[in-house]
Amino acid sequence: MDRKMLELLVCPLTRAPLKWDPEACELISRHAGLAYPVRDGVPILLVSEARRLDDTQ
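On a predicted model such as this, the values are computed, not experimentally measured, just so you know.

A.B. asks: Now, about unusual backbone geometry: what can you tell me, with residues and values included?
C.D. replies: Among all residues except glycine, the phi angle is most often negative; among peptide bonds, the trans geometry is most common. In this structure, Arg-15 is a non-glycine residue whose phi angle is positive, near 65°. If you trace the backbone, Arg-15 turns up in the loop between helix H1 (3–8) and strand S1 (19–21). Relative accessible area serves as the criterion here: at 60%, Arg-15 is assigned to the exposed category. The backbone phi angle of Asp-40 is positive, close to 55°, even though this residue is not glycine. By secondary structure assignment, the location of Asp-40 is in the loop between strand S3 (34–39) and strand S4 (42–43).

Definitions and cut-offs
- Residues numbered from 1 in each chain as written.
- Predicted model: local features only at pLDDT ≥ 70, side-chain atom pairs only at ≥ 80, totals over all residues.
- Heavy atoms only, no water.
- Helix = DSSP H or I, 4+ residues; strand = E, 2+ residues; numbered from the N terminus.
- Buried < 20%, exposed > 50% of the residue type's maximum accessible area, 1.4 Å probe, protein only.

By themselves, these are just geometric observations and shouldn't be taken as functional.
Shown next as structure tokens:
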């Protein structure tokens, strides 16, 4: 994930910064408790496409 692009992206639900998880290929929003997928290098920042984070992350 390009560092400059990551600095520009925010969670669409909370407007909080996102953290890149390279192992899962997801953008993490701790404030919302959601993980947004990145498919073919394109972040999918739709709440309906995000998965809920469990308490272990």
